[in-house]
Amino acid sequence: MSVVTFDTLDDLLESLGGIPGRRILFDPPPGTATIKDVIRHVDGPKKRLVELIDGTLVEKPMGFAESRVAAKVIARLDKHVEDIGEPGVITGADGTIRFLKKFVRIPDVAYTSWERMPNGQFPVTKVPEVVPNLCVEVLSEGNTVAEMARKLKEYFVAGVDLVWFIDPDERKVRVFTSPDDVKTLGVKDTLAGGTVLPGFAVPVAELFAGLPAVKKPAAKPKGKKK
């Protein structure tokens, strides 16, 4: 197994999208981790949700509000899939998926058609190698722009057709059909499933209903006129 090495910790953090160092696990050392290590941490006493990126374990950030939004998305997607005859399955924020050779990602929500399942059956492995049709990420405070840009690219390189980035703070949803093709939706818009899940639609406002009001930055004091 080839090991990805870096000269400094800053180099490692930059390669991962400038994420906080507290999210990187050193058991095992960065660059040497495998899928077995992912399973060990996910199933361990601390139940740590970790992604595998170039041999480095990175803890996935999640908060109470983000979890609530993800739960709403799952509920609505699951009902839609059942209503149209269950052409696939919906998974949540602890659904580890092997996308590429050295990458394990955990979308907050994913839809995978039966056609993309191994032999058309539900996988029995803990980290199945499948490519979802739809991946959903609910942005957390610990996420960085560069980190999410890298994850977005990985999703489409792997073969994902549709990606939603849901931002609870801005009350917006960015809909990607490629890393460069994006449409931004606000609370007055409706989020649709497009060609991936025809007929699915939910008002964006519903996804954020019940969340506390967004705190606006305090206004800067105005200087006295002379």
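Now for a quick tour of the structure. Please read all numbers here as calculations on a predicted model, not as lab measurements. (Residues numbered from 1 in each chain as written. Predicted model: local features only at pLDDT ≥ 70, side-chain atom pairs only at ≥ 80, totals over all residues. Heavy atoms only, no water.)

## A look at helix α3 (residues 64–83)
Applied cut-off: Helix numbering and strand numbering both begin at the N terminus, where a helix is a DSSP run of H or I of at least 4 residues and a strand a DSSP run of E of at least 2. Any helix carries an expected span of 1.5 Å times its number of residues minus one. Throughout, exposure labels follow a simple rule: accessible area from a 1.4 Å probe, protein chains only, divided by the maximum for the residue type, with under 20% read as buried, over 50% as exposed, and the rest as partly exposed. The directions from the helix axis to the C-beta atoms form the arc being described. Whether two residues are in contact is decided by their heavy atoms, any of which lying within 4.5 Å being enough.
Given a rise of 1.5 Å per residue, 20 residues ought to cover 28 Å, and the 29 Å separating the end C-alpha atoms of α3 matches this to within 8%. Restricting attention to buried positions, one finds in α3 the residues E66, V69, A70, K72, V73, L77, H80 and V81. Along α3, the residues classed as buried sweep out an arc of 160° about the axis, all on the same side. For α3, the exposed residues lying more than 90 degrees away from the buried face are F64, K79 and D83. Buried residues belonging to α3 abut β3 (88–91), β6 (109–113), β7 (134–138), β8 (162–167) and α5 (204–208). Positive phi shows up at G85, right after α3, with a value of about 100°.

## Topic: the side chain of T56
Test applied: As used in this structure description, the phrase polar contact means that two N or O atoms lie within 3.5 Å; if the pair is within protein, one of them must be able to donate a hydrogen and the other to accept it, and residues adjacent in sequence are counted only when both atoms belong to side chains.
Secondary-structure assignment places T56 in strand β2 (residues 56–59). For T56, a relative accessible area of 1% gives the class buried. Engagement of the side chain of T56 in a polar contact is seen with the backbone nitrogen of G31, the distance being 3.2 Å. Once residues within four sequence positions are removed from consideration, T56 is found in contact with L12, L16, I24, P30, G31, A33 and E51.

## Digging into the pattern of salt bridges
Rules: Salt bridge criterion: a side-chain nitrogen from Lys or Arg within 4 Å of a carboxyl oxygen from Asp or Glu.
In the structure shown here, the tally under the stated rule is 16 salt bridges. Across the salt bridge formed by R48 and E59, the nearest N and O atoms sit 3.1 Å from each other. In this pair, R48 sits in the loop between α2 (35–43) and β1 (50–53) while E59 sits in strand β2, placing the two residues 11 residues apart along the sequence. For R48, a relative accessible area of 24% puts it in the partly exposed group. Between E137 and K60 there is a salt bridge whose closest N-O contact spans 3.0 Å. Separated by 77 residues along the polypeptide, E137 in strand β7 and K60 in the loop between β2 and α3 bring together distant segments of the chain. Of the two residues, E137 and K60, neither departs from the other in class, the shared state being buried. Salt bridges sharing common partners tie together E51, D54, K60, R105, D108, E137, R150, K151 and E154.

## Regarding the sheet that holds strand β4 (residues 97–100)
Rules: Strands qualify as paired when DSSP identifies two bridges or more between them. Axes here refer to lines fitted to C-alpha atoms; in helices the fit is confined to the stretch in contact. Angles between the N-to-C directions go from 0 to 180 degrees.
Ordered by their spatial adjacency, four strands build an open sheet running β2-β1-β5-β4, and the pairing between neighbours is antiparallel. Looking at which strands have only one partner, the edges of the open sheet turn out to be β2 and β4. Between one strand and the next, the sheet's axes are offset by a mean angle of 35°, whatever the strand orientation. The pairing of β1 with strand β5 (residues 103–105) spans two bridges and is antiparallel. Among the inter-strand pairings, L52 is bridged to a residue of β5, identified as V104. The strands touched by α2 are β1, β2, β4 and β5; relative to β1, the strand with the most contacts, the crossing angle is about 170°. Where helix α4 (residues 145–158) meets the sheet, it contacts β1, β4 and β5, and its direction lies at approximately 105° from that of β5.

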